[in-house]
Amino acid sequence: MQLIDNIPVWGSPVDEGALAQIKVCARTADRVAMMADHHKGYAVPIGGVVAYQDSISPSGVGYDIACGNKAVLTDAIAGDMRANISRIMDDVYRIISFGVGRKNDDERVDHDLFDDPAWKIKAIAPLKELARQQLGTVGSGNHYVDIFTDGLDRVWIGVHFGSRGLGHKTATAFLTAACAKDGMDVEPCVIPAADSLGADYLACMALAGRYAYAGRDWVTERVRRILGASSLEEIHNHHNYAWREEHEGQMLWVVRKGATPAWPGQKGFVGGSMGEVSVIIEGMDGPGADLAMRSTVHGAGRVMGRMEAKGKRDKATGGWKREPKVTQEMMDEWVKQAGVELRGAGCDESPHCYKRLPEVLTEHIDTSAFCTR
């Protein structure tokens with residue numbers, strides 16, 4: 001960890017774009033920090049932790065409100081799982097809905113969160129039916145379902161996704177209402193937590209958090225049933241969210257954008273890129289943990305943008321406007337060498353696009369302990 005302009009920053013080399021963003025955030029925040037998986041985001045860097053005494057930042061929480069990870073330890077037999085992994089993954093890909101729509105209406109999910117009084121708030125009242133349709137779907141991009149084994153050859157289920165269209169449209173509504181500046185290199189939107197807009201945002205954020213938890217619960221439970229196993233332990237965290245917490249005697253709204261809560265003894269699941277390790281982490285005490293506001297990484301962190309990875313074609317000619325840095329063959333070779341059974345995914349999610357998670361985690365030995373799968 002190093003202090004840059006009095007900002008605690010983990011990770012080397014430091015992403016200069018992300019550093020510039022967190023410096024802008026520091027102008028209006030009471031405290032800031034940046035985790036080792038940092039890279040540029042919209043207004044607030046991914047891996048940024050930004051805290052306010054009496055305010056909240058919708059752009060800090062971001063568009064995918066309550067995106068997070070869940071891991072479930074099962075009693076499945078690892079040897080049986082490996083022998084049948086192709087069929088298992090076919091079943092997962094067929095039953096769980098990835099991408100934009102829902103593939104299987106028979107798998108629609110109901111939940112008591114739809115009785116929450118927050119649905120009466122004007123910003124999200126029109127989104128209730130969309131939320132019903134999408135609950136239990138995973139989405140696209142870097143969102144995934146993973147089945148893996150740990151060092152003791154125990155079988156785990158891991159998932160990563162958030163509040164889907166509900167979160168994105170909720171964030172858009174509040175950013176618009178607050179007249180927030182649009183773009184990546186802009187000041188973050190900060191609103192008083194106690195006024196009507198701030199109170200409504202916090203209520204809607206909490207509802208999106210319930211929604212994301214319910215979605216991840218349903219998907220892991222459905223995969224558990226595919227495995228025909230029982231659940232032994234569950235580890236579940238948001239990493240795009242705001243919590244009311246006490247730090248050094250001060251009550252703060254702590255916004256973690258692509259950062260995992262890591263209070264002493266608190267466990268978290270951090271997935272690496274496809275083709276390498278994932279980890280279970282546990283928060284620990286110490287000076288580094290105080291500076292990080294009890295936070296740690298949420299993943300490996302990107303080193304390559306999506307367009308940079310997959311390139312850009314000319315729609316008229318079909319030729320390359322920008323050559324890709326990652327090809328299908330490159331991704332397939334990495335995944336094959338790792339012994340991973342893959343369904344879906346594009347070159348913009350290849351391991352080439354990410355930092356190596358074990359290296360990132362070593363930067364956080366002062367905030368969290370971890371073990372690899």
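Notes on the structure follow.

What counts as what
- Residue indices begin from 1 for each chain and proceed along its sequence in written order.
- For this predicted model, a pLDDT threshold of at least 70 governs which residues receive local features, and a threshold of 80 or more governs which side-chain atom pairs are given and counted, while totals over whole chains, interfaces and linings are taken from all residues.
- Note that water and hydrogens are dropped before the side-chain values are worked out from all heavy atoms of the structure.
- Numbering of helices and strands runs from the N terminus; a helix is a DSSP stretch of H or I covering at least four residues, while a strand is a stretch of E covering at least two.
- In this description the radius of gyration comes from C-alpha coordinates, and the expected globular size is given by 2.2 Å times residues to the power 0.38.
- For each residue, the accessible area found with a 1.4 Å probe, counting protein chains only, is set against the maximum for its type, and the residue is called buried under 20%, exposed over 50%, and partly exposed in between.
- Contacts are assigned to residue pairs that have any heavy atoms within 4.5 Å of one another.
- Reported accessibility uses the Shrake-Rupley method at a 1.4 Å probe radius. Residues are deemed covered only where the shown protein chains occlude them.
- Asp and Glu are treated as the negative residues and Lys and Arg as the positive ones, with His and the ends of the chain left uncounted.
- Throughout, a charge is located at the NZ atom of Lys, the CZ atom of Arg, the CG atom of Asp or the CD atom of Glu.
- Residues enter patches when they are more than 30% accessible in relative terms and free of salt bridges; like-charged ones are connected within 9 Å and nonpolar ones (Val, Leu, Ile, Met, Phe, Trp, Tyr) within 5 Å.
- Here a salt bridge means any side-chain nitrogen of Lys or Arg lying within 4 Å of a carboxyl oxygen belonging to Asp or Glu.
- Whether two strands pair comes down to DSSP finding at least two bridges between them.
- All axes are obtained by fitting lines to C-alpha atoms, using only the stretch in contact for helices, and the reported angles, taken between N-to-C directions, cover 0 to 180 degrees.
- Here is the rule for handedness: rotate from the far helix to the near one, and if that takes an anticlockwise turn smaller than a right angle the crossing is left-handed, while a clockwise turn gives right-handed.
- As a working rule, the residues Ala, Val, Leu, Ile, Met, Phe, Trp, Tyr, Cys and Pro are called nonpolar, Asp, Glu, Lys and Arg charged, and the rest polar, with Gly in that last group.
- Only buried Ala, Val, Leu, Ile, Met, Phe, Trp, Tyr and Cys residues count toward a nonpolar core, and they belong to the same one when joined by side-chain atoms within 4.5 Å.

## As for the overall build of the chain
Of regular secondary structure, the chain possesses eleven helices and 19 strands. The C-alpha atoms of the chain give a radius of gyration of 20 Å, which matches the 21 Å a tight globule of 373 residues would have. Taken over the C-alpha atoms alone, the chain extends approximately 55 × 55 × 45 Å along its principal axes. A burial count over the chain gives 55% of its 373 residues as buried. Within the chain, residue pairs in contact and separated by at least 24 positions form 70% of the contacts whose partners lie at least 6 positions apart. Summing over all exposed atoms, the chain offers an accessible surface of approximately 16,200 Å²; the carbon and sulfur share of this is 50%. Taking the average place of the 43 positive charges on the side chains of the chain and the average place of its 50 negative ones, the gap between the two points comes to 5 Å.

## Examining a nonpolar patch on the surface
Together, Met1, Leu3 and Leu291 make up an exposed nonpolar region whose accessible area comes to about 260 Å². Structurally, Met1 is set in the segment before β1 (2-4). A relative accessible area of 41% means that Met1 is categorised as partly exposed.

## A look at the pairing of strand β8 (residues 155-161)
For a regular strand, side chains alternate in direction, first toward one face of the sheet and then toward the other. Burial of β8 is extensive: seven of the seven residues sit out of reach of the surface. Across the two faces of β8 the burial is the same, with Val155, Ile157, Val159 and Phe161 and Trp156, Gly158 and His160 all buried. Relative to β8, strand β7 (residues 144-149) is paired through six bridges, and the arrangement is antiparallel. The partner of Val145 across the bridge, within β8, is Val159.

## Focus: the sheet that holds strand β6 (residues 68-74)
Spatially, the four strands line up as an open sheet ordered β7-β8-β6-β10, and their pairing is antiparallel. Taken across any chain shown, the strands that pair with only one partner, and hence form the sheet edges, are β7 and β10 (231-238). Neighbour-to-neighbour, the strand axes of the sheet open up by a mean angle of 15°, direction not taken into account. Here helix α7 (residues 196-227) sits on the sheet in contact with β6, β7, β8 and β10, set at roughly 145° to β8.

## Some thoughts on the packing of helix α4 (residues 85-95) against α7
Between α4 and α7, whose axes approach to 10 Å, the crossing angle comes to 145°. Crossing of α4 against α7: the hand is right-handed. Residues Ile88, Asp91, Val92 and Ile95 of α4 pack against Arg222, Val223, Ile226 and Leu227 of α7. Here the residues of the contact of α4 with α7 are counted per class, giving six nonpolar, no polar and two charged.

## Here's the deal with the nonpolar core
By size, the foremost hydrophobic cluster in this structure holds 72 residues, and its most contacted members are Ile147 and Val219. With 14 residues, α7 is the largest single contributor of residues to this core. Among residues more than four places away in sequence, those in contact with Ile147 are Met81, Ile88, Met89, Val92, Val155, Trp156, Val223 and Leu227. Within the second largest apolar cluster, 25 residues are counted, among which are Trp10, Ile281, Tyr354 and Leu357.

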